[in-house]
Structures are given as structure tokens and as C-alpha cells.
Amino acid sequence: MRGESGVQWSHRTQLLPSLYDTRRCTPVSQEADAGVGGNGGNVGADEVVPELVARLRPHFSCGSLAAAHTLNALGPLPAALRMMWEAASEWHLLAEGHHNVFGFNLWSPDGLEEATVNIFGDENCRQDWLNHHPNSCAAAGWVCCMAFSEFDFLFVCLEACSDRFGEVVHVVNNCGEERSVCTMTELLAHLVAFVEEGATAEREEVYAEMRSGVEGWQTGPALGLSRPLRALRAGVLTAMHPE
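Visitor: Got a minute to help me understand the environment of Val-192 in this structure?
Guide: Structurally, Val-192 can be placed in helix H7 (residues 184-200). It is 5.6 Å that separates the C-alpha atoms of Val-192 and Leu-56, two residues lying 136 residues apart in sequence. The residues touching Val-192, leaving out its near neighbours within four places in the chain, are Leu-52, Arg-55 and Leu-56.

This is the structure in C-alpha cells:
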């Protein structure tokens, strides 16, 4: 399947055929770092997300159900984020030693505003980041609620009236970098693919790929993934196959 530019789509998109058939998306290629954004990934999401959540949960250590009043206080939520929190308040790929950052972690919906500010340091640092990154996820209406290393954080737009509602942005806070990744529903589909790959991969295969360096993560199953998704895949696979 190819996008309008003729670039080969990542095979991960096959998890979401209805989404990719019904709206225009930016193809993710080895050369392009731009993700797919806007509209919350909600086209057909109510049909596909429950299956993805059900496939993901057995691989995670999860908290209790999120309180309804907590979710309601956040206002409208992207379908994938809402359904994950309705299933469990926290998701951790590692049962122990994750420290809310290692492996893959979806944080509790409680206290997200404070957690978001802390990624930048404080409100002044957040404003400074915003000054240096036009259209940044440091703006109001975005929350940080996911992490896959002590430096790699994922923000989601919760501004329902924005055309970026549901978009996920990757922030590397020790390098001052941020990149659009995809929508929340698409992220969930990628995460399912990475975790299921990790469940069947041999440890030797994972570390042979890692030892080959940056180029290694761009070959084989990682071919066609954007830079943030390659980093996420590497974080998931190495967490599932520790040294």
C-alpha cells in the first residue's frame, strides 16, 4: 500500500486499515521524520481500539480502573487514551524498576498538569521551550502522560477544538527536541505491534540489531518507521529482553 507520494507505507498500518483508507495520512518512510497528526485518530477508532487494548493488556502491569470523575475532569479525550484509562489507570511494560519511565509507561490521569510542567523543569522553562519551538506541545492543551526512557516523553493534544486533537508528540527533554509522531490510536497500534514482536523475538536477534548501531534499528521490521517510532520500538524490545 502506498501513499500519494508513492512512499511505501509501514507494514504497521495494516493494523488500522479503516483509518488509513478513510483519511489522508502522511506516509512514514525511512527518510521522513514527520508523523501523522490531527483529528485525534478517531476515524473508526471506536471499532478498532477495544481490540488493540485487549491485545496489549496481557503484556503490561496495570493499575486499578481510573475514576470516572478524574477522566471527566480532563474533558474530551482521544478514543485510544480514554479506553486505555478506562481499562486501567496506569500501564507499565516492566512490572518492576520502571520508575514511570523505563520500558513503556502510560501514567495515571491524576496530576498530569504538574507532571507535564516537570518535564520542562518549571513554568519558566516551559515558556522558554515554547519560545524556541513554534507550535510546540509545551503550549496549553497538551499533557505529557507517557514515557519510554528517562529522556523520552510523549505528549498528547487534549484541546478538543484543535485540528491537532489526539496528536502525539515525542519530546527528548535533555536535547531540546520535539517531533510529531502520529495520532493516539495509531500509537496504540504501533505499540501493540512492537510488544507482540518483542514477545516472539529471540533475545539474540534484538541485541544483534542493537549492536549494529543506529542503522540497525532502521532495517528489517523497523524499516519505514519514523525516528520517534524507531526509538520507541528499540525501548520496548530492549525492555522485554534485558541484558
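Visitor: Is there a simple way to think about the packing of helix H8 (residues 203-211) against helix H9 (residues 227-240) in this case?
Guide: Between two packed helices, the angle of one axis relative to the other and the distance separating the axes together describe the packing. Where H8 contacts H9, the axes come no closer than 10 Å and their chain directions differ by 135°. Taken as axis vectors, H8 and H9 run oblique relative to one another. Both H8 and H9 take part in a crossing whose hand is left-handed. Counted together, Val-206, Tyr-207, Glu-209 and Met-210 of H8 and Arg-233, Leu-237 and Thr-238 of H9 form the full contact between these two elements. Of the residues contributing to the contact of H8 with H9, the split by class is 4 nonpolar, 1 polar and 2 charged.

Visitor: How should H7 be read in this particular structure?
Guide: Since there are 3.6 residues in each turn of an α-helix, residues three or four apart along the chain are aligned in direction. For H7, which comprises 17 residues, the first-to-last C-alpha distance of 25 Å matches the rise-based estimate of 24 Å (1.5 Å per residue) to within 8%. By the criterion of burial, H7 is predominantly enclosed, with 14 of the 17 residues buried.

Visitor: Got a minute to help me understand empty space enclosed by the protein in this structure?
Guide: Here the idea is plain: a probe the size of a water molecule rolls over the atoms and shows the empty space left. As enumerated under the stated definition, the model contains 1 cavity of 30 Å³ or more in all. Reported here for the largest cavity is a volume of approximately 30 Å³. In terms of lining residues, the largest cavity is bounded by Phe-148, Leu-154, His-170, Val-181, Leu-187, Pro-228, Leu-229 and Leu-232. At 3 residues, H9 tops the list of elements feeding residues into the lining of the largest cavity. Its residues assigned to classes, the lining of the largest cavity comprises 7 nonpolar, 1 polar and no charged.

Visitor: What should I look at first to understand the environment of Ala-138 in this one?
Guide: Within the fold, Ala-138 resides in the loop between helix H6 (123-132) and strand E4 (142-147). Beyond its immediate stretch of four places on either side in the chain, Ala-138 contacts Phe-120, Arg-126, Trp-129 and Leu-130.

Visitor: Sorry if this is basic, but what is going on with the pairing of strand E6 (residues 167-172) here?
Guide: Looking along a regular strand, one sees side chains alternate from face to face of the sheet. Buried residues dominate E6, accounting for 6 of its 6 residues. Sheet topology note: the E6/strand E7 (residues 177-183) ladder contains 6 bridges and is antiparallel. Counted as the bridge partner of Glu-167 is Thr-183 from E7. Linkage of E6 to E7, two consecutive antiparallel strands, is achieved through a turn of 4 residues, within which Gly-176 is found at a positive phi near 70°.

Visitor: Honestly, the state of the cysteines in this entry has me stumped. Any pointers?
Guide: Throughout this description, disulfide means a covalent bond between two cysteine sulfur atoms. Within this structure, the stated rule accounts for 0 disulfides. Looking at Cys-144, it has no disulfide partner, and the nearest cysteine sulfur is the one in Cys-145, 6.7 Å off.

Visitor: Would you take a moment to explain the side chain of Glu-197 for this structure?
Guide: Residue position: Glu-197 is located in helix H7. Here Arg-233 takes part through its side chain, which lies 2.7 Å from a polar atom of the side chain of Glu-197.

The rules behind these values
The numbering scheme is per chain: residues are counted from 1 as the chain's sequence reads. With pLDDT at 70 or above as the cut-off, local features in this predicted model cover only qualifying residues; side-chain atom pairs require 80 or more to be listed or tallied, and sums for whole chains, interfaces and linings still use all residues. Side-chain descriptors were evaluated using all non-hydrogen atoms of the structure, hydrogens and water having been removed beforehand. Runs of H or I in DSSP of at least four residues are treated as helices and runs of E of at least two as strands, each being numbered from the N terminus. Contacts are assigned to residue pairs with any non-hydrogen atoms lying within 4.5 Å of each other. Orientation is described by axes fitted as lines to C-alpha atoms, over the contacting stretch for helices, and by angles from 0 to 180 degrees between their N-to-C directions. Each angle gets one of four labels, with under 35 degrees taken as roughly parallel, over 145 as roughly antiparallel, 65 to 115 as roughly perpendicular, and the rest as oblique. When the near helix sits turned anticlockwise from the far one by under a right angle, the crossing is termed left-handed; a clockwise turn instead gives a right-handed crossing. Amino acids are sorted into nonpolar (Ala, Val, Leu, Ile, Met, Phe, Trp, Tyr, Cys and Pro), charged (Asp, Glu, Lys and Arg) and polar (every other residue, Gly among them). Here the expected length of a helix is defined as 1.5 Å per residue gap, with one fewer gap than residues. Only protein chains enter the accessibility calculation, which uses a 1.4 Å probe; a residue is then buried when its area is under 20% of its type maximum, exposed when over 50%, and partly exposed in between. Lining residues are defined by having an atom within 4 Å of a point belonging to a cavity or pocket. Those points lie on a 1 Å grid over the protein atoms alone, cavities being sets where a 1.4 Å probe fits but cannot get out and pockets being open sets with protein on both sides within 12 Å along at least five of seven lines. Grid points are joined across faces, edges and corners, and a volume is the space filled by probe spheres set on the points. Here the rule is simple: two strands pair whenever DSSP picks up at least two bridges between them. We call a pair of cysteine sulfur atoms a disulfide whenever their separation is within 2.5 Å. Counting of polar contacts relies on pairs of N or O atoms within 3.5 Å, with two restrictions inside protein: one atom must be capable of donating a hydrogen and the other of accepting it, and residues adjacent in sequence are counted only when both atoms are side-chain atoms.

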